[in-house]
Amino acid sequence: MLDTPITERMYIDKGEVVRVRVEADDFFDDEPGPPKMAEGVQVQREAKRAPYNVTCSIAEQGLGPVAWWNGAGQDDGDGMDEG
């Protein structure tokens, strides 16, 4: 995308409705509770992570902000009919 001319780039604005395809989802069931002790030495806690993570993509036809695709499948009046 970085080699695309600036005038041809498409951006996503905050609050836009976006169609996505789910690539992966991960659920992490980290046990809550007090830190555990091992041989009298306190064990360091791992950094917290999100309990549920969804990885999505918009790199496919028909995906991305809905505004990009409004009217894409409608007749544009060019006079070309199927049949």
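Our structure is the block above this text.
Residues numbered from 1 in each chain as written. Predicted model: local features only at pLDDT ≥ 70, side-chain atom pairs only at ≥ 80, totals over all residues. Heavy atoms only, no water.

1. As for the overall build of the protein chain
- Looking only at helices and strands, one finds 1 helix and 6 strands in the protein chain.
- Listing every helix and strand of the protein chain by position from the N terminus yields β-β-β-β-β-β-α.
- Of all 83 residues assigned to the protein chain, the portion counted as buried reaches 5%.
- A fraction of 72% describes how many contacts in the protein chain between residues 6 or more apart in sequence connect residues 24 or more apart. (Helix = DSSP H or I, 4+ residues; strand = E, 2+ residues; numbered from the N terminus. Buried < 20%, exposed > 50% of the residue type's maximum accessible area, 1.4 Å probe, protein only. Contact = heavy atoms within 4.5 Å.)

2. Here's the deal with the pattern of salt bridges
- Enumeration according to the criterion identifies 2 salt bridges in this entry.
- E23 serves as the salt-bridge partner of R21, at 2.7 Å between the closest nitrogen and oxygen.
- You can call R21 partly exposed: its relative accessible area is 34%.
- The shortest N-O distance in the salt bridge between R21 and E60 comes to 3.3 Å. One end of the pair, R21, is in strand β2 (residues 21-27); the other, E60, is in the loop between β5 (52-57) and β6 (64-65), and 39 residues separate them in sequence.
- When salt bridges that share partners are traced, they join R21, E23 and E60 into one network. (Salt bridge = Lys/Arg side-chain N within 4 Å of Asp/Glu carboxyl O.)

3. Description of the environment of N53
- Relative to the helices and strands, N53 is located in strand β5.
- Given a relative accessible area of 34%, N53 falls into the partly exposed group.
- In this structure the C-alpha to C-alpha distance between N53 and F27, which are 26 residues apart in sequence, comes to 6.5 Å.
- The residues touching N53, leaving out its near neighbours within four places in the chain, are A24, D25, D26 and F28.

4. Some thoughts on the side chain of S57
- Structurally, the position occupied by S57 is in strand β5.
- A polar contact is formed between the side chain of S57 and the backbone nitrogen of A59, at a distance of 3.0 Å.
- Those residues in contact with S57 that lie beyond four places of it in its chain are V20, R21, E23 and L63. (Polar contact = N/O pair within 3.5 Å; in protein donor to acceptor, adjacent residues only side chain to side chain.)

Remember that the coordinates give geometry; whether it matters functionally is a separate question.
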